[in-house]
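What follows is the residue order along each chain.
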Amino acid sequence: MVVDQDRCCGSGMCASVAPDIFDQSPRDGVVQLLVSQVDAGSLPRVEEALRLCPVAAIELARPVSVPPR
Ligand code: SF4
């Protein structure tokens, strides 16, 4: 998962739905990631944060499965 701190407007929606994963800078409110990877149990809340973010600053990279040749 990555967040675009330049795009973030500090709305705080992500930190409100997943405070163990997202935090905000006390200086300017810009999002800060608390984890580098998302476990399966947290995925629904991260997807909710992604949906609620007003500026689409959260990107969830999904593993891509490639079929064997
Ligand atoms: S929901 Fe989006 S705009 Fe709001 S703090 Fe989180 S990343 Fe920033």
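Residues numbered from 1 in each chain as written. Predicted model: local features only at pLDDT ≥ 70, side-chain atom pairs only at ≥ 80, totals over all residues. Heavy atoms only, no water.

> Describe the overall build of the protein chain, naming the residues involved and giving the relevant values.
Along the protein chain, the regular secondary structure elements total 2 helices and 4 strands. Each helix (α) and strand (β) of the protein chain, taken in turn from the N terminus, gives the series β-α-β-β-α-β. In terms of overall dimensions, the protein chain has C-alpha extents of about 50 × 25 × 20 Å along its principal axes. The buried share of the protein chain, taken over its 69 residues, is 29%. Across the protein chain, the fraction of contacts at a sequence separation of at least 24, relative to all contacts at a separation of at least 6, is 50%. Accessible surface computed for the protein chain: about 4800 Å², of which carbon and sulfur atoms make up 52%. For the protein chain, the separation between the mean place of its 6 positive charges and that of its 9 negative charges on side chains is 7 Å. (Helix = DSSP H or I, 4+ residues; strand = E, 2+ residues; numbered from the N terminus. Buried < 20%, exposed > 50% of the residue type's maximum accessible area, 1.4 Å probe, protein only. Contact = heavy atoms within 4.5 Å. Areas by Shrake-Rupley, 256 points an atom, 1.4 Å probe, with all protein chains shown as cover. Lys, Arg positive; Asp, Glu negative; His and termini not counted. Charge placed at Lys NZ, Arg CZ, Asp CG, Glu CD.)

> Lay out the site of the ligand with the relevant residues and their values.
Cys8, Cys9, Gly10, Ser11, Gly12, Met13, Cys14, Val31, Cys53, Val55 and Ala57 make up every residue found near the ligand. When the residues that make up the shell around the ligand are grouped by side-chain class, the tally is 8 nonpolar, 3 polar and no charged. (Near = heavy atom within 4 Å. Nonpolar A, V, L, I, M, F, W, Y, C, P; charged D, E, K, R; others polar.)

> Tell me what's going on with the environment of proline 68, and back it up with residues and numbers.
On the secondary structure map, proline 68 appears in the segment after β4 (58-59). Judged by its relative accessible area of 79%, proline 68 falls in the exposed class. Considered as a pair, proline 68 and methionine 1 are 67 residues apart in the sequence and their alpha carbons are 26 Å apart.

> Kindly report on the nonpolar core, identifying the contributing residues and their values.
Among soluble globular proteins, nonpolar side chains are generally buried collectively. Core analysis: the biggest nonpolar cluster contains 16 residues, and Met1, Cys14, Ile21, Phe22, Val31, Val46 and Ile58 have the highest contact counts within it. Every element with two or more residues in this core is listed here: α1 (13-17) and α2 (43-52). (Core = buried A, V, L, I, M, F, W, Y, C linked by side-chain atoms within 4.5 Å.)

> Describe in detail unusual backbone geometry, supporting the description with residues and values.
The phi angle at alanine 56 is positive, at roughly 55 degrees, despite the residue not being glycine. In this fold, alanine 56 is placed in the loop between α2 and β4.

> Would you mind going over the pattern of salt bridges in detail, with residue names and values included?
Summed over all chains, the structure comprises 3 salt bridges. Two residues, aspartate 28 and arginine 27, come together in a salt bridge whose shortest N-O distance is 3.7 Å. Using a relative accessible area of 72% as the deciding quantity, one classes arginine 27 as exposed. The salt bridge partner of arginine 51 is glutamate 48, with a shortest N-O separation of 3.0 Å. One end of the pair, arginine 51, and the other, glutamate 48, are both in helix α2, 3 residues apart, so they sit about a helical turn from each other. (Salt bridge = Lys/Arg side-chain N within 4 Å of Asp/Glu carboxyl O.)

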